[in-house]
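Commentary on secondary and tertiary structure
Read off the chains here:
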Amino acid sequence: MDKILINGGKPLAGEVHISGAKNAAVAIIPAALLVEDRCVIENVPDISDVDSILQMIVSLGAEVEKPDCNTVVVDATNLSVNVVDPELASKMRASYYLMGALIGRFTKAKVPHPGGCNFGVRPIDQHLKSFRCLGCEVVADDIFVDIDASGLQGGNVYFDVVSVGATINAILAATLAPGKTVLENCAKEPHVVDLANFLNSMGANIRGAGTDVIKIIGVGSLRGGTYTIIPDQIEAGTYMAAAAATRGDVVINNIIPKHMEAISAKFEEMGVTIEEYDEAIRVKANDRPLKNIKVKTLPYPGFPTDLQPPMIVLLSTVEGTSVVTEGVWESRFQYVAELEKMGIKIDINGTVATIEGGAPLKPAELCATDLRAGASMIVAALACNGVSEITQLRYIDRGYEHIVDKLRAIGADVKRVDD
Ligand code: UD1
């Protein structure tokens, strides 16, 4: 079993390069199934979630090449299978994007319920509602969602909750559906916009992505092309947290500062100096003491829920009481029990975490419990004097490209060993 050993307590310094966005890649790769031609997708992160989604589209008959570790070529001209293997689908949440993509190509599709991190109940009712609003018949049992898309056509969808996945799935389903689709109360995350930009560059007619209302005119077909995925907002935010938690000074390159605004604002409120450049952010936390703050996670443009775990670790290094309210998921604090092994003092009451910060962290053996929780344990180990170890790296490998090399390049004493 692989583990990461971190001899922490050293301020991080230097420059780190951010990879392409995981959550955009795992939506855009299924979207390429709508194109009966070659799509060259660049800036794809080299992570296991990408490998999993590629494995799934290959099992459906798509041809995939990887000319280098960050470029994927998908040719779905000969897509021939409309049923997704439950074992493959259980590896990740984003397997649900194969529903929207397959009903654009076939009159029937059978896709299993998705896997992914456990944050309590993760319903997909809004995805299924959108397919029904677009003329599909949908029957879900314990394993599969069975969709008859022979009546697929444009329609109106009002989402009862703001959902990234449901917004993207509805865009996928509507892209080739005859007529006009109007989606209301949409998610506005950067990867929703990236997906729409990808599809538009292949010939789709999608307007309004990044706002509450998205309008789609169905087109007869899409053409191939080349597209570059946006940088990963969450990976960038994780390195920002690591820089600040170690009281370091790190330049985070290849980012879109606009996507980082909610995060930068909270760091500045804590007293971290943030310098913004065209495609970089400098995070400097070594010139004054940091302050305790309150944070609430919200859909974009709010503070992202996926940065809640690293933010809690950062706040545990700051003197005083901080409060973090989880506004997206009903149960996203299970990992806190692991952090308590390091002496971090956190009281959880429903969706509110109260952190008594400032006590020195103790090195510990930590087990990553999900992707972002695993990242938060790395941040905690970097901030803690002494050697900590982190196991269950398969979670971290799902979403962080070359994390050990990137941390080493900014001065971390970290290694990955096979136990
Ligand atoms: C995506 C991200 C995940 C992130 C989340 C919120 C991917 C692959 N994953 O997950 O990392 O934490 O956005 O930013 O992009 N909901 C319903 N019914 C539905 C769908 C969602 O009630 O049909 C609720 C959920 O329970 C949750 C909220 O809506 O409370 C947001 O979920 P959603 O935006 O759909 O998250 P995902 O797309 O699954």
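Taken as a whole and judged by the stated rule, the model has 20 salt bridges. Residue E65 pairs with R38 through a salt bridge whose shortest N-O separation is 3.4 Å. With E65 in strand 4 (residues 63-68) and R38 in strand 3 (residues 38-42), this residue pair connects regions lying 27 residues apart in the sequence. For R38, a relative accessible area of 40% translates into the label partly exposed. Salt-bridge contacts for K108 lead to D148; the nearest nitrogen and oxygen are separated by 3.3 Å.

Turning to the sheet that holds strand 15 (residues 273-276), a few remarks are in order. In spatial order, the strands read 2-14-16-15; together these four strands make up an open sheet with mixed pairing. In this open sheet, the two strands that pair with only one neighbour each are strand 2 (13-17) and strand 15. Strand-to-strand, the axes of this sheet are offset by a mean angle of 15°, without reference to chain direction. Examined bridge by bridge, strand 14 (residues 249-253) and strand 16 (residues 280-284) share five bridges and lie antiparallel to one another. Its bridge partner being in strand 16, N253 is matched across the sheet by A280.

Attention now goes to the layout of surface pockets. Volume-wise, the largest pocket comes out at about 1100 Å³. R122, V164, T305, V328 and W329 are, among the 50 residues lining the largest pocket, the residues nearest its centre. Mapped by element, the contributors of at least two residues to the lining of the largest pocket are helix 1 (22-31), helix 5 (125-133), helix 6 (164-175), helix 7 (190-201), helix 8 (233-245) and helix 12 (371-383). Tallying contributions element by element places helix 1 first for the lining of the largest pocket, with four residues. Split by residue class, the lining of the largest pocket holds 27 nonpolar, 10 polar and 13 charged. If you add up the space inside the second largest pocket, you get close to 250 Å³. What lines the second largest pocket is a set of 15 residues, and nearest its centre among them are A245, T317, P360, L361 and A383. The residue inventory of the lining of the second largest pocket, partitioned by class, reads eight nonpolar, five polar and two charged.

Under the defined criterion, the tally for this structure stands at two cavities of 30 Å³ or more. Counted as a void, the largest cavity has a volume near 40 Å³. What lines the largest cavity is T238, Y239, A242, A375, I378, V379, I403 and L407. Taken together, the elements giving at least two residues each to the lining of the largest cavity come down to helix 8, helix 12 and helix 14 (403-409). Classifying every residue of the lining of the largest cavity by side-chain character gives seven nonpolar, one polar and no charged. Volume-wise, the second largest cavity comes out at about 30 Å³. What lines the second largest cavity is simply N7, G8, G9, K10, L12, L382, A412 and D413. Taken together, the residues that form the lining of the second largest cavity break down as three nonpolar, three polar and two charged.

How each quantity is defined
Residues numbered from 1 in each chain as written. Predicted model: local features only at pLDDT ≥ 70, side-chain atom pairs only at ≥ 80, totals over all residues. Heavy atoms only, no water. Salt bridge = Lys/Arg side-chain N within 4 Å of Asp/Glu carboxyl O. Helix = DSSP H or I, 4+ residues; strand = E, 2+ residues; numbered from the N terminus. Buried < 20%, exposed > 50% of the residue type's maximum accessible area, 1.4 Å probe, protein only. Pairing = 2+ DSSP bridges. Axes fitted to C-alpha atoms, helices over the stretch in contact; angles between N-to-C directions. 1 Å grid on protein atoms, 1.4 Å probe; cavity = no way out; pocket = protein on both sides within 12 Å on 5 of 7 lines; lining within 4 Å. Points joined across faces, edges and corners; volume = space filled by probe spheres on them. Nonpolar A, V, L, I, M, F, W, Y, C, P; charged D, E, K, R; others polar.

The values are spatial; any link to function lies outside them.
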